[in-house]
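Structural features, examined
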Amino acid sequence: MYRFSAQVISRSSGRSATAAAAYRAGVLIEDRRTGQVHDYDRRSGVVHAEIMAPEATPAWMTDRTALWNAVEIAEKRKDAQLSREVQLALPHELDAAQRLSMVRDYVRHAFVARGMVADIAIHAPHRQGDDRNHHAHVMLTMREIAGDGFGKKDRTWNETSLIEHWRETWQDAVNQALERAGHASRVDHRNLEEQRVEAQEKAEKARAANDNAQERVFELAAIRLDRDPEPKIGHIAMALERRGEQTDRGNLWREVVAHNLDRFSAWIAVQRERLDTLWERLEKAVSWRKELVDRSEGDQSRNDVTPPPQSDFPVEQRDRLLGRTKVPSWKRLRDKDDRER
């Protein structure tokens, strides 16, 4: 799964850098500007937290409390932009050490090398959620470092082209880490429609080259990509959902999932109809062949008019070959255990 999302933490939306940093790192930070205490010492799921900074950064900026309090004090406007946050999905195929190394390398080259101070927090999957949901939060400063403090804001860090560059280089970082670890899976930073069009074009090229195997691979890829992207629920709505309360974001997610399932089910129905047609042709061909053999052996007269013979394939065998047989849940679990052993 690919994810690189960037957002700005700003006062105009009622947020603060100190509160965001405390929550993500699972620590206590007192906001010296407002006097509020943000205490997340008891927060679970924070696997690793650290601050990475350019070489010329004053030592005090590597202290989380001092860093984000300085950011808050440096901003005077009530609608000030305080920090940029980047959220990254981390491959579950990698182990904890490999994920940490990948995040550090990427943050160092993408952000720290440009002069930003980066506050990294790696989170484990929620115990009640998807156990593959390893992810990282990276809070970034938006002002240049000048002497022993902050200078002016660097507006080039807000350019859309730079965000797109970061998205693509994150894709490369993930794929290189997966390759080094010996995994075949890869991620793609492009949207679903761009990926689907490319897969369809490759399928058409394979068809023109009479490469049936590759055509099927790319056709199936195009089918899997022909879906709506699932919206993010968010941690607040997710907490409510886990308590059994339905939310607008949760309802939207369920609506999109149901729509994608309906779309795929319709495709399955079309494929089954095609299989039924092919199967009928196969049965007719088998029957015709059997009748020819019987006639050649003198079992029947050429002038006999007899009903076509019954299919050599029982209903149970036909359903099994078409993938329609339902395997009992106990047998699926036993087969899964056998594969794991």
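Examining the pairing of strand S6 (residues 118–123)
- For S6, the tally of buried residues reaches six of six residues, placing the bulk of the element in the interior.
- Residues Ala118, Ile120 and Ile122 line one face of S6 and the alternating positions Asp119, Ala121 and His123 line the opposite face, and both faces are buried.
- Pairing of S6 with strand S7 (residues 135–140) involves six bridges; the strand directions are antiparallel. What sits directly across from Ala118, in S7, is Leu140.

Thoughts on the sheet that holds S7
- As summarised here, the arrangement of the five strands in space is S1-S5-S7-S6-S4, forming an open sheet in which the pairing is antiparallel. Of all the strands in the sheet, the pair left with one neighbour each is strand S1 (4–10) and strand S4 (46–52). The sheet shows a mean angle of 15 degrees between the axes of neighbouring strands, direction not considered.
- Inspection of the sheet shows S4 paired to S6 by six bridges, in the antiparallel sense. Each bridged residue has a counterpart across the sheet, and for Glu50 the counterpart in S6 is Ile120.
- Along the sheet, helix H2 (residues 64–74) contacts S4, strand S5 (81–89), S6 and S7; its crossing angle with S4, the most-contacted strand, is approximately 60 degrees.
- Here helix H4 (residues 160–180) sits on the sheet and contacts S1 and S5; the angle it forms with S1, its principal contact strand, is near 135 degrees.

Details of the nonpolar core
- In terms of nonpolar packing, the biggest core is built from 32 residues, with Phe111 and Trp170 touching the most fellow members.
- For this core, the elements supplying multiple residues, two or more each, are S5, helix H3 (96–110), S6, S7 and H4.
- Tallying contributions element by element places H4 first for this core, with eight residues.
- With near-sequence residues (within four places) excluded, Trp170 lies in contact with Tyr2, Arg3, Phe4, Leu88, Ala89, Leu90, Met102 and Tyr106.

Here's the deal with the environment of Gln171
- Its location among the elements puts Gln171 in helix H4.
- Residue Gln171 is classed as buried on the basis of its relative accessible area, which comes to 12%.

Let's talk about the side chain of His137
- Inspection of the secondary structure assignment puts His137 in strand S7.
- Here Glu85 takes part through its side chain, which lies 2.7 Å from a polar atom of the side chain of His137.
- When near neighbours in sequence (up to four residues on either side) are disregarded, His137 contacts Arg24, Glu85, Val86, Gln87, Asp119, Ile120, Ala121 and His123.

Looking at the packing of H3 against H4
- One way to put it is that H3 packs onto H4 with a least axis distance of 10 Å and a crossing angle of 150 degrees. If you check the angle between H3 and H4, you find them roughly antiparallel. The way H3 lies across H4 gives a crossing that is right-handed. The segment H3 lies against H4, with Met102, Tyr106 and Ala110 engaging Trp166, Thr169, Trp170, Ala173, Val174 and Ala177.
- A class-by-class count of the residues in the contact of H3 with H4 yields eight nonpolar, one polar and no charged.

What counts and what doesn't
- Residues numbered from 1 in each chain as written.
- Predicted model: local features only at pLDDT ≥ 70, side-chain atom pairs only at ≥ 80, totals over all residues.
- Heavy atoms only, no water.
- Buried < 20%, exposed > 50% of the residue type's maximum accessible area, 1.4 Å probe, protein only.
- Helix = DSSP H or I, 4+ residues; strand = E, 2+ residues; numbered from the N terminus.
- Pairing = 2+ DSSP bridges.
- Axes fitted to C-alpha atoms, helices over the stretch in contact; angles between N-to-C directions.
- Contact = heavy atoms within 4.5 Å.
- Core = buried A, V, L, I, M, F, W, Y, C linked by side-chain atoms within 4.5 Å.
- Polar contact = N/O pair within 3.5 Å; in protein donor to acceptor, adjacent residues only side chain to side chain.
- Parallel < 35°, antiparallel > 145°, perpendicular 65-115°, else oblique.
- Left-handed = near helix turned anticlockwise from the far one by under 90°.
- Nonpolar A, V, L, I, M, F, W, Y, C, P; charged D, E, K, R; others polar.

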